[in-house]
Amino acid sequence: MKIGICSDHAGVEYKARLIAYLTKKGHEVVNFGTDSTESMDYSDVAHPLAAAVEKGEVERGIALCGTGNGMAMTLNHHQGIRAGLAWNKAVGALVKEHNDANVLVMPARFISYTMATAIVRTWIETEFAGGRHARRIAKIPVK
Ligand code: RB5
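Residues numbered from 1 in each chain as written. Predicted model: local features only at pLDDT ≥ 70, side-chain atom pairs only at ≥ 80, totals over all residues. Heavy atoms only, no water.

J.: So, the site of the ligand: which residues are in play, and what are the values?
T.: The environment of the ligand is formed by Asp8, His9, Ala10, Tyr42, Cys65, Gly66, Thr67, Asn69, Gly70 and Arg109. Here aspartate 8 contributes a side-chain N or O atom positioned 2.6 Å from an oxygen atom of the ligand. At a separation of 2.9 Å, an oxygen atom of the ligand approaches a polar backbone atom of threonine 67. When isolated, the ligand has an accessible area of 300 Å², and the protein chains bury 69% of it. Its residues assigned to classes, the shell around the ligand shows 3 nonpolar, 5 polar and 2 charged. (Near = heavy atom within 4 Å. Polar contact = N/O pair within 3.5 Å; in protein donor to acceptor, adjacent residues only side chain to side chain. Areas by Shrake-Rupley, 256 points an atom, 1.4 Å probe, with all protein chains shown as cover. Nonpolar A, V, L, I, M, F, W, Y, C, P; charged D, E, K, R; others polar.)

Here it is, written out as structure tokens:
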């Protein structure tokens, strides 16, 4: 799978490790930054990642910041994005099964790296359930 990934300074270490993990698993990973621990603004990397998902340049995206909220808020301003925040494996599965999240967001300051990889693996392996959940997500965009 071709996956785009971004983080702010709070998620940069997990991002680097996830890029190595996903590449080893055979995925093609596109890094949208940041690659520094210098304080920066999450929206500067979230918008380019969202645009790449919307244009189909990457199939899915992963975003990390301290709480995950800044990334999720920014990403969800894009019409073609359903960014879902996950902090454990169960939520990582449900955010795909029920919400068909095309961007997975994680709170780097509040989960372990081991948990982050478990969430990513679960989100990649889980299928969208469709049915009533398809009806629900169809009602999300502002008409
Ligand atoms: C950075 O200090 C922090 O505000 C950011 O990583 C994120 O948690 C924002 O939502």
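J.: Describe the packing of aromatic side chains, and please don't skip the residues or the numbers.
T.: Centre-to-centre distance and the angle between the planes together describe a pair of aromatic rings. In total, this model carries 1 aromatic pair according to the counting rule given. When the ring of tyrosine 14 is compared with that of tyrosine 113, the centres are 5.7 Å apart and the planes differ by 65°; the resulting orientation is edge-to-face. In this pair, tyrosine 14 sits in helix α1 (residues 12-24) while tyrosine 113 sits in helix α5 (residues 113-125), placing the two residues 99 residues apart along the sequence. Taken individually, tyrosine 14 and tyrosine 113 each receive the classification buried, so the pair is uniform in this respect. (Phe/Tyr/Trp six-rings, centres within 6.5 Å; stacked < 30°, edge-to-face > 60°. Helix = DSSP H or I, 4+ residues; strand = E, 2+ residues; numbered from the N terminus. Buried < 20%, exposed > 50% of the residue type's maximum accessible area, 1.4 Å probe, protein only.)

J.: Describe in detail the pattern of salt bridges, supporting the description with residues and values.
T.: Inspection of every chain in the model, using the stated rule, returns 5 salt bridges. Close ionic contact of lysine 96 with aspartate 100 constitutes a salt bridge, the shortest N to O distance being 2.6 Å. Judged by its relative accessible area of 8%, lysine 96 falls in the buried class. For aspartate 100, a relative accessible area of 17% corresponds to the buried category. Three or more residues are tied together by salt bridges with common partners; here these are Arg82, Lys96 and Asp100. (Salt bridge = Lys/Arg side-chain N within 4 Å of Asp/Glu carboxyl O.)

J.: Please give an account of helix α4 (residues 89-97) that cites residues and values.
T.: Note that an α-helix has 3.6 residues per turn; residues three or four places apart therefore point the same way. Along α4, the residues that are buried comprise Val91, Gly92, Ala93, Val95 and Lys96. Its side-chain oxygen at 3.2 Å from the backbone nitrogen of alanine 90, asparagine 88 defines the N-terminal cap of α4.

J.: Break down a positive patch on the surface for me, with residues and values.
T.: A contiguous patch of positive charge on the surface is contributed by Lys24, Lys25, Lys89 and Arg121. Turning to its location among the elements, lysine 25 is positioned in the loop between α1 and β2 (28-31). (Patch = residues over 30% accessible without salt bridge, like charges linked within 9 Å, V, L, I, M, F, W, Y side chains within 5 Å. Lys, Arg positive; Asp, Glu negative; His and termini not counted. Charge placed at Lys NZ, Arg CZ, Asp CG, Glu CD.)

J.: Hey, could you go over the nonpolar core for me, with residue numbers and the actual values?
T.: Counting 23 residues, the largest nonpolar core has Leu18, Ile62, Leu104, Met106 and Val120 as its most contacted members. Tallying contributions element by element places α5 first for this core, with 6 residues. Those residues in contact with leucine 104 that lie beyond four places of it in its chain are Gly61, Ile62, Ala63, Gly84, Ala86, Val95, Ile119, Val120 and Trp123. In terms of nonpolar packing, the next biggest core, distinct from the first, is built from 18 residues, Leu49, Val58, Ala72 and Ile81 among them. (Core = buried A, V, L, I, M, F, W, Y, C linked by side-chain atoms within 4.5 Å. Contact = heavy atoms within 4.5 Å.)

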